[in-house]
Amino acid sequence: MLRIVLPKGSLERATLQLFEDADLGVVRSSDVDYRASIDDPRVVDVTILRPQEIPRYIADGLFDLGITGRDWIEETGVDVATLAQLHYSKATARPIRIVLAVAGDSTWRSAGDLPPGVRVHTEYTELTRRYLEKRGVDARISLSYGATEAKVPEIADAVVELTETGRALRAAGLRILDTVLVSHTELIANADAYEDPDKRKAMEQLRTLLLGALEARGRVLVKLNVDEANLQSVIDLLPALKSPTVSKLFGEDGYAVETVVAKSDINVLIPDLKDHGATGILELPIGKIVQ
């Protein structure tokens with residue numbers, strides 16, 4: 001039913017891992033194969049292409065559903081339906097930023113300080129043009145095919161480049177003047193395909209699985225037993241996703257408690273629970289959390 005396109009390159013590994021976590025494992029003959037499949041009745045075809053191309057192909061109806069960044073949606077300026085922000089990127093769960101950067105010793109402090117004819121190199125030529133025009137900057141914008149941060153100052157006076165942590169720009173001796181765009185990874189659809197009731201239902205079901213897998217990341221299920229005298233003190237320790245589930249133990253003067261907590265808290269939480277009277281403590285992995 002659905003023709004899906006996924007991003008190749010920096011987002012590739014993280015995207016394939018997300019689909020695996022969502023029980024939508026992507027199968028292909030090799031790591032360099034552009035054609036793939038998902039063993040799911042809702043998916044008829046999977047292609048892996050550069051994220052720069054995906055918004056236009058989705059808008060043109062070559063695919064029904066795809067994943068790309070907000071940066072490339074804005075750069076291409078095409079009309080697609082956004083089904084969800086997916087909070088993951090190449091290395092973290094944070095969005096990437098498209099930033100304007102100059103040499104660290106530059107006297108420019110804002111985009112408005114850039115002089116007429118300033119040389120700006122970037123992968124995002126249209127996004128950069130719109131950004132600088134809005135600020136009254138008459139720039140010479142050139143398409144960069146990579147290593148953009150290395151072009152200042154000999155080849156470029158400024159760059160518009162993506163960054164997740166800012167580390168590469170600082171290492172190149174650059175200073176960020178402004179954030180042009182904050183870009184999340186997005187699940188997008190062809191607008192006409194999304195109007196088809198059957199395809200829309202399939203898209204929304206896949207969205208549920210992907211968001212559920214993301215929601216579960218970094219969380220675990222904790223289950224424990226506790227007697228009535230210690231119940232409240234144990235509950236007070238639990239940083240629950242929602243209120244914990246508390247059930248009376250059959251034939252015993254005690255309770256079973258379960259809740260979802262952050263994995264990062266578990267090394268402190270479990271000893272504290274034991275110190276406050278909890279017994280039979282279990283920590284269990286979570287595949288999905290569907291709200």
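Everything quoted here is computed from the prediction, not taken from an experiment. (Residues numbered from 1 in each chain as written. Predicted model: local features only at pLDDT ≥ 70, side-chain atom pairs only at ≥ 80, totals over all residues. Heavy atoms only, no water.)

## Quick notes on the overall build of the protein chain
- Each helix and strand in the protein chain was counted, giving 9 helices and 16 strands.
- Against the globule reference of 19 Å for 291 residues, the protein chain gives a C-alpha radius of gyration of 24 Å, more extended than a compact globule.
- Overall, the C-alpha framework of the protein chain stretches about 80 × 50 × 35 Å when taken along its three principal axes.
- Across the 291 residues in the protein chain, those meeting the buried criterion constitute 42%.
- Contacts spanning at least 24 positions in sequence make up 70% of the contacts within the protein chain whose residues lie at least 6 apart.
- Counting every atom, the protein chain has about 14,900 Å² of accessible surface; 50% of that belongs to carbon and sulfur.
- Averaged over its 35 positive side-chain charges, the protein chain has a centre that lies 4 Å from the centre of its 45 negative ones. (Helix = DSSP H or I, 4+ residues; strand = E, 2+ residues; numbered from the N terminus. Rg over C-alpha atoms; globule rule 2.2 N^0.38 Å. Buried < 20%, exposed > 50% of the residue type's maximum accessible area, 1.4 Å probe, protein only. Contact = heavy atoms within 4.5 Å. Areas by Shrake-Rupley, 256 points an atom, 1.4 Å probe, with all protein chains shown as cover. Lys, Arg positive; Asp, Glu negative; His and termini not counted. Charge placed at Lys NZ, Arg CZ, Asp CG, Glu CD.)

## What to know about the sheet that holds strand 8 (residues 118-122)
- Within the open sheet, the 5 strands sit side by side as 9-8-10-7-11. Their pairing is mixed. Only two strands of the sheet have a single partner each, and these edge strands are strand 9 (139-143) and strand 11 (174-183). Taken over all neighbouring pairs, the strand axes of this sheet differ in orientation by 25° on average, direction set aside.
- As judged from the 3 bridges shared by strand 8 and strand 10 (residues 158-163), these two strands associate in the parallel manner. What sits directly across from Thr-122, in strand 10, is Val-160.
- Against the sheet, helix 4 (residues 125-134) makes contact with strand 7 (96-103), strand 8, strand 9, strand 10 and strand 11, and its axis sits at roughly 165° relative to strand 9, the strand it touches most. (Pairing = 2+ DSSP bridges. Axes fitted to C-alpha atoms, helices over the stretch in contact; angles between N-to-C directions.)

## Observations regarding the sheet that holds strand 5 (residues 65-69)
- With respect to topology, 7 strands assemble into an open sheet ordered 2-3-4-1-5-12-6, the strand pairing being mixed. Edge positions in the sheet fall to strand 2 (26-27) and strand 6 (81-86), since each of these pairs with one other strand and no more.
- Bridging between strand 3 (residues 35-38) and strand 4 (residues 43-49) involves 2 bridges; their strand directions are antiparallel. Looking at strand 4, one finds that Arg-35 is bridged to Thr-47.
- Against the sheet, helix 1 (residues 12-21) touches strand 1 (2-7), strand 2, strand 3, strand 4, strand 5 and strand 6, its axis set at about 135° to strand 1.
- Each of strand 1, strand 4, strand 5, strand 6 and strand 12 (185-189) is contacted by helix 7 (residues 197-216), which is oriented at about 15° to strand 6, the strand it contacts most.

## Details of the pattern of salt bridges
- The full count for this structure, using the stated rule, is 18 salt bridges.
- Across the pair Arg-217 and Asp-21 runs a salt bridge whose closest N-O atoms are separated by 3.2 Å. Here Asp-21 lies in helix 1 and Arg-217 lies in the loop between helix 7 and strand 13 (219-227), a separation of 196 residues in the sequence.
- The exposure class of Asp-21 is partly exposed, given its relative accessible area of 27%.
- Taking the shortest distance from any N to any O, the salt bridge between Glu-186 and Arg-70 comes out at 2.9 Å. On the criterion of sequence distance, the pair formed by Glu-186 in strand 12 and Arg-70 in helix 3 (residues 70-76) is long-range, its members being 116 residues apart.
- The exposure class of Glu-186 is buried, given its relative accessible area of 4%. (Salt bridge = Lys/Arg side-chain N within 4 Å of Asp/Glu carboxyl O.)

## A look at the environment of Trp-108
- As for its placement among the helices and strands, Trp-108 is situated in the loop between strand 7 and strand 8.
- Along the backbone, Trp-108 and Glu-154 are 46 residues apart, and their C-alpha atoms lie at a distance of 17 Å.
- Setting aside residues up to four positions removed in sequence, Trp-108 forms contacts with Val-102, Asp-113, Leu-114, Pro-115, Val-118, Asp-157, Arg-175 and Leu-177.

## Focus: the packing of aromatic side chains
- Applying the stated rule across the entire model yields 2 aromatic pairs.
- Relative to Phe-63, the ring of Tyr-57 has its centre 6.5 Å away and its plane inclined at 50°; by these criteria the two rings are tilted.
- Looking at Phe-63, the relative accessible area reads 9%, which means it is buried.
- Over the ring of Tyr-34 we find Lys-8, and its NZ or CZ is 5.2 Å from the ring centre.
- We note Lys-248 situated over the ring of Tyr-255; from NZ or CZ to the ring centre the distance is 5.4 Å. (Phe/Tyr/Trp six-rings, centres within 6.5 Å; stacked < 30°, edge-to-face > 60°. Lys NZ or Arg CZ within 6 Å of the ring centre and 35° of its normal.)

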